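Coordinates in review
Each chain is listed here by its residues.
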Amino acid sequence: MELLPEGKKNNIQVTLEDQKKINEFSKLILRKDSLEVELAKERQEKEYLDDVSLELELFDEEEKVQYKIGDVFVYLKQGKVLEQIEKDTEIIDSKIDNLEERQNEIDSKLKELKTQLYAKFGDNINLER
């Protein structure tokens, strides 16, 4: 059984080095997918914090507000909660920056591998999603 179109032969040998590159490409794609999910989660969390911050500005500064720390809700003054939200937002921003940096590194590695593999295999390999 051949997967190539009729009349087209595959004369290219797949070496161990080629197989390692293909496997590396596959692993990088999986890592990239995982990073995209994590990045979306962090961006959503940042959006939630921004929304909460805007809502809290409508409260009186002396009013106590429930704030979640870990698995526990505690009552804190509005000003203290806003400070904590700013700290949490900074932490999430640094996480997002780190994830985006890792994603860019993976993208550059993928581009390099894709170039190498297409140069050798041409139309005989499909690296697109």
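We now turn to the structure provided with this report. (Residues numbered from 1 in each chain as written. Predicted model: local features only at pLDDT ≥ 70, side-chain atom pairs only at ≥ 80, totals over all residues. Heavy atoms only, no water.)

1. Side note on the nonpolar core
- Judged by nonpolar contacts, the single largest core of 22 residues is most densely connected at Phe25, Leu56, Val81, Ile85, Leu110 and Leu117.
- Secondary-structure elements contributing two or more residues to this core are helix H1 (16–56), strand E1 (64–69) and helix H2 (78–121).
- By residue number, the principal contributor to this core is H2, which donates eleven residues.
- In this structure Phe25 touches Leu110, Leu113, Lys114, Leu117 and Leu127, once residues within four positions along its chain are discounted. (Core = buried A, V, L, I, M, F, W, Y, C linked by side-chain atoms within 4.5 Å. Buried < 20%, exposed > 50% of the residue type's maximum accessible area, 1.4 Å probe, protein only. Helix = DSSP H or I, 4+ residues; strand = E, 2+ residues; numbered from the N terminus. Contact = heavy atoms within 4.5 Å.)

2. With respect to the pairing of E1
- The pairing of E1 with strand E2 (residues 72–77) spans six bridges and is classified as antiparallel. For Val65, the partnering residue across the bridge sits in E2 and is Leu76.
- A loop of two residues connects E1 with E2, the two strands running antiparallel in sequence, and Gly70 in this loop sits at a positive phi of about 70 degrees. (Pairing = 2+ DSSP bridges.)

3. Looking at the side chain of Gln78
- Note that Gln78 resides in helix H2.
- On the basis of relative accessible area, Gln78 is assigned to the buried category, the value being 4%.
- When neighbours within four sequence positions are excluded, Gln78 is seen to be in contact with Leu56, Glu57, Phe59, Asp60, Glu61, Glu63 and Val65.

4. Some details on H1
- Taking 1.5 Å of rise per residue, 41 residues should cover 60 Å, and H1 covers 60 Å from first to last C-alpha, within 8% of that figure.
- Every buried residue of H1 is accounted for by Asp18, Phe25, Leu28, Ile29, Leu35, Leu39, Glu42, Leu49, Ser53 and Leu56. (Expected span 1.5 Å × (residues − 1).)

5. Regarding H2
- Spanning 44 residues, H2 covers 62 Å between terminal C-alpha atoms, matching the ideal 64 Å at 1.5 Å per step.
- Positioned one or two residues after H2, Gly122 has a phi angle of 60 degrees, which is positive.

6. Quick word on the packing of H1 against H2
- In the contact formed by H1 and H2, the axes pass within 8 Å of each other and the chain directions differ by 160 degrees. Judged on the interaxial angle alone, H2 and H1 are roughly antiparallel. Viewed along their axes, H1 and H2 form a crossing whose handedness is left-handed. (Axes fitted to C-alpha atoms, helices over the stretch in contact; angles between N-to-C directions. Parallel < 35°, antiparallel > 145°, perpendicular 65-115°, else oblique. Left-handed = near helix turned anticlockwise from the far one by under 90°.)

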